[in-house]
Amino acid sequence: MAEVGGHISNLTDRLARLTLYRWWRRSIVGRVDHEAVVARIVEDSGWSARFAFMTMMSAGIAVLGLLLSSPAVVIGAMLISPLMSPILGFGFSLALFDFAELRRSLKALAIGAVAAIAFTALIVLVSPLQAPTAEIVARTRPNLFDLAVALFAALAGTFAIIRGRGETIVGVAIATALMPPLAVVGYGIATRNIPVGAGAFALFVTNFITIALSATAMARFYGFGHRLSRRQTWAQTSVLILVFVAMAVPLGISLNRIGREALAVSQTRTLLNDRFGDTARVTQLDLDFSADPLLVRAVVITPRGAMQKTPVLQAALQKKLGRPLRLNLDQILLDAGAGALEAQREELRQAGDMAGQEAQRMTALSKMIALVTGVSADDVTIDRDHRRATAAAAPLPGATVMTYRTLEARAAAETEGWSVIIVPPQAPLPEIAFADNVDTLDAAAQNAVSTSAWAAHRWNMPMLGVPGLPPGIPLERPNLSQRRAMAIAALLKAKGVSAVPTAPAGQRFALMTNVGVPAQ
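Keep in mind it's a predicted model, so treat the numbers as computed, not measured.

Turning our attention to the overall build of the chain. Helix and strand content of the chain: 16 helices and ten strands. Across the 520 residues that make up the chain, the buried fraction comes to 42%. Partitioning the intrachain contacts of the chain with sequence separation of at least 6 by distance along the chain shows that 72% fall at a separation of at least 24. When the accessible surface of the chain is split by element, carbon and sulfur atoms take 61% of a total near 27600 Å².

Right, here's the structure in full:
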């Protein structure tokens, strides 16, 4: 009886699966004209002069909207963006295992992406507005929500192209996930802001992969590629799951970090409001999470009687946030009896004063660095959000690489809370001298190696050539010259620069810069 019951149960399961399969084939797959959909995708997914032109125009409008911090202009750029077609072509080619169409779509997307980045970089170079705006910064830290946006846009876009309903609108949604990040990549290249460009490129790659693989999954759901073998189907499924998990984990970590930062800002504001009371107002609050320790800047308008001691507030904030921090607090004191109107007037006046003071500080900073580096103030790049100033120094008579490193250190010491980056002109690296029969680095030699590593970082060179460095596996009994080279290589590695062998040297070492490809 048990065996009969088992056979009946298995038969019931098979009938249920067969019924579900027939319903899917009849109600989902049977209503789609597969040949017409594929023909329409193939027709639009390739490269053409029109595609390149429309992509560049869309990118140009997008970057202008980003520089103006205008969401309306950014969204308007999406109306003419043709990026949906090659992305969907790529996704459908994966579903159909059509590698010719895959190469064709990738070629169109690559040409469009390069054209968009180059065109936006050119616009930023000639633009008088180059300061990073909120719209730009928002596209430099991809997180799990960005993946979800791309996922929903891709599902809607694939549904629309398959069922022939609303392709234009969902095309705008897909372009919104792709074109602004490309424009920010161009902005990062033009302003030499590697963190911004790299973050935006990571967002673009995340959105591109999410949209393409979502289109693949949707295409398979509607019966595209149903003639594939079971092995091919399992391969597709495995790749989709692995890629989504691989992207979701780091993006989830990034989202968690953003959430913790937002919570820290909220906790800081709440503590300040509680300590100063209802009669005070926190007008400005900024937390610099890149600083070590955490830097908190705040401006509070408060009655004179509610004035607080900064060290006490700093200790309370450290306990509240559970991490070391430094509090820069400006308290604008109102006389007794001052009401809400006086507070608002003081807030407006303070905002104007702060803006004027900030502009003056930026001008003074640019002039100071320009004076140090021998360039004009307009050639100094000021990144307000990251509080970083960068300048490529002009060749100064008699100046060595060590001279420029010293100038950078002095400039940084005079700009509290800012990081100063001076890129020296190409010049020979300092010699590294050893005493007779000694293979250890004294203070002068360590300083010379550190200066060489500093210059390599400023020139974006990932490696330096060390004369006499043994190649490959370390020797059991290296000679004196090799031990000296190995000591130099070890210190370079500690400074984040790789060492590669060059011609042997004697008692003096001169590191080589023309041994590696500059980092991208």
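Moving on, there is more to tell.
Attention shifts here to the packing of aromatic side chains. Summed over the entire model, instances satisfying the criterion amount to three aromatic pairs. With a centroid separation of 5.4 Å and an interplanar angle of 45 degrees, the aromatic rings of phenylalanine 90 and phenylalanine 208 are classed as tilted. Of this pair, phenylalanine 90 sits in helix α5 (residues 84-96) while phenylalanine 208 sits in helix α10 (residues 194-221), and the two are 118 residues apart along the sequence. Like phenylalanine 208, phenylalanine 90 is buried. Ring centres of phenylalanine 201 and phenylalanine 204 lie 6.4 Å apart, and the angle between their planes is 35 degrees; this geometry places the pair in the tilted category. Taken together, the positions of phenylalanine 201 and phenylalanine 204, both in helix α10 and three residues apart, correspond to about one turn of that helix. By relative accessible area, phenylalanine 201 is classed as partly exposed at 43%. Given the relative accessible area of 7%, phenylalanine 204 is considered buried.

Spatially, β4-β5-β6 is the arrangement adopted by the three strands of the open sheet, whose pairing is mixed. Each edge of the open sheet carries a strand with a single partner, namely β4 (381-383) and β6 (419-423). Averaged over all adjacent pairs, the angle separating strand axes in this sheet is 15 degrees, with direction ignored. As judged from the five bridges shared by strand β5 (residues 388-392) and β6, these two strands associate in the parallel manner. Residue pairing for β6: alanine 389 is matched across the bridge by valine 420.

Further remarks concern the packing of helix α14 (residues 401-413) against helix α15 (residues 443-458). In contact at an axis separation of 10 Å, α14 and α15 are set at 80 degrees when each is read in the N-to-C sense. Between α14 and α15, the interaxial angle falls into the category roughly perpendicular. Note on element contacts: α15 touches α14 through Asn447, Ala448, Ser450, Thr451, Trp454, Ala455 and Arg458, opposite Val401, Met402, Tyr404, Arg405 and Glu408. Grouping the constituent residues of the contact of α14 with α15 by class yields six nonpolar, three polar and three charged.

With the rule as written, the count across this model stands at three salt bridges. The partner of glutamate 101 in a salt bridge is arginine 104, and the shortest N-O contact between them spans 3.3 Å. In this pair, glutamate 101 and arginine 104 are both assigned in helix α6 (residues 99-126), three residues apart and thus about one turn of the helix distant. Assessed through its relative accessible area of 34%, arginine 104 is described here as partly exposed.

What follows deals with the environment of alanine 315. Relative to the elements of secondary structure, alanine 315 occurs in helix α12 (residues 310-321). Note on alanine 315: relative accessible area 44%, which makes it partly exposed. Counting along the chain gives ten residues from alanine 315 to leucine 325, while the straight-line C-alpha distance between them is 8.7 Å.

This part covers helix α4 (residues 71-78). Taken together, the buried positions of α4 are Val74, Ala77 and Met78. One side of α4 carries all its buried residues, which in axial view fall inside an arc of 110 degrees.

Turning our attention to a nonpolar patch on the surface. On the surface, a nonpolar cluster with roughly 370 Å² of combined accessible area is contributed by Ile241, Val245, Val249 and Ile253. Residue placement: isoleucine 241 occurs in helix α11 (residues 230-276).

The next thing to look at is the nonpolar core. Most often, soluble globular proteins keep nonpolar side chains buried together rather than apart. Core analysis: the largest hydrophobic core is formed by 39 residues, its most contacted members being Ile369, Ile432, Leu441, Ile488, Leu492 and Leu511. Mapped onto this core, the elements with two or more residues apiece are α13 (340-373), β5, α14, β6, α15, β8 (463-467) and α16 (480-494). If sequence neighbours within four positions are ignored, leucine 441 has contacts with Ile432, Phe434, Gln446, Val449, Ala487, Ile488 and Leu491. With 38 residues, the next largest nonpolar core counts Met179, Leu182, Val184 and Val185 among its residues.

What follows covers the side chain of threonine 268. Here threonine 268 is to be found in helix α11. On the basis of relative accessibility, which here comes to 0%, the residue threonine 268 falls in the buried class. A distance of 2.8 Å separates a polar side-chain atom of threonine 268 from the backbone oxygen of alanine 264. In this structure, threonine 268 is in contact with Leu285, Leu287, Val296, Leu317 and Leu321, ignoring residues within four places of it in sequence.

About the thresholds
Residues numbered from 1 in each chain as written. Predicted model: local features only at pLDDT ≥ 70, side-chain atom pairs only at ≥ 80, totals over all residues. Heavy atoms only, no water. Helix = DSSP H or I, 4+ residues; strand = E, 2+ residues; numbered from the N terminus. Buried < 20%, exposed > 50% of the residue type's maximum accessible area, 1.4 Å probe, protein only. Contact = heavy atoms within 4.5 Å. Areas by Shrake-Rupley, 256 points an atom, 1.4 Å probe, with all protein chains shown as cover. Phe/Tyr/Trp six-rings, centres within 6.5 Å; stacked < 30°, edge-to-face > 60°. Pairing = 2+ DSSP bridges. Axes fitted to C-alpha atoms, helices over the stretch in contact; angles between N-to-C directions. Parallel < 35°, antiparallel > 145°, perpendicular 65-115°, else oblique. Nonpolar A, V, L, I, M, F, W, Y, C, P; charged D, E, K, R; others polar. Salt bridge = Lys/Arg side-chain N within 4 Å of Asp/Glu carboxyl O. Arc of directions from axis to C-beta. Patch = residues over 30% accessible without salt bridge, like charges linked within 9 Å, V, L, I, M, F, W, Y side chains within 5 Å. Core = buried A, V, L, I, M, F, W, Y, C linked by side-chain atoms within 4.5 Å. Polar contact = N/O pair within 3.5 Å; in protein donor to acceptor, adjacent residues only side chain to side chain.

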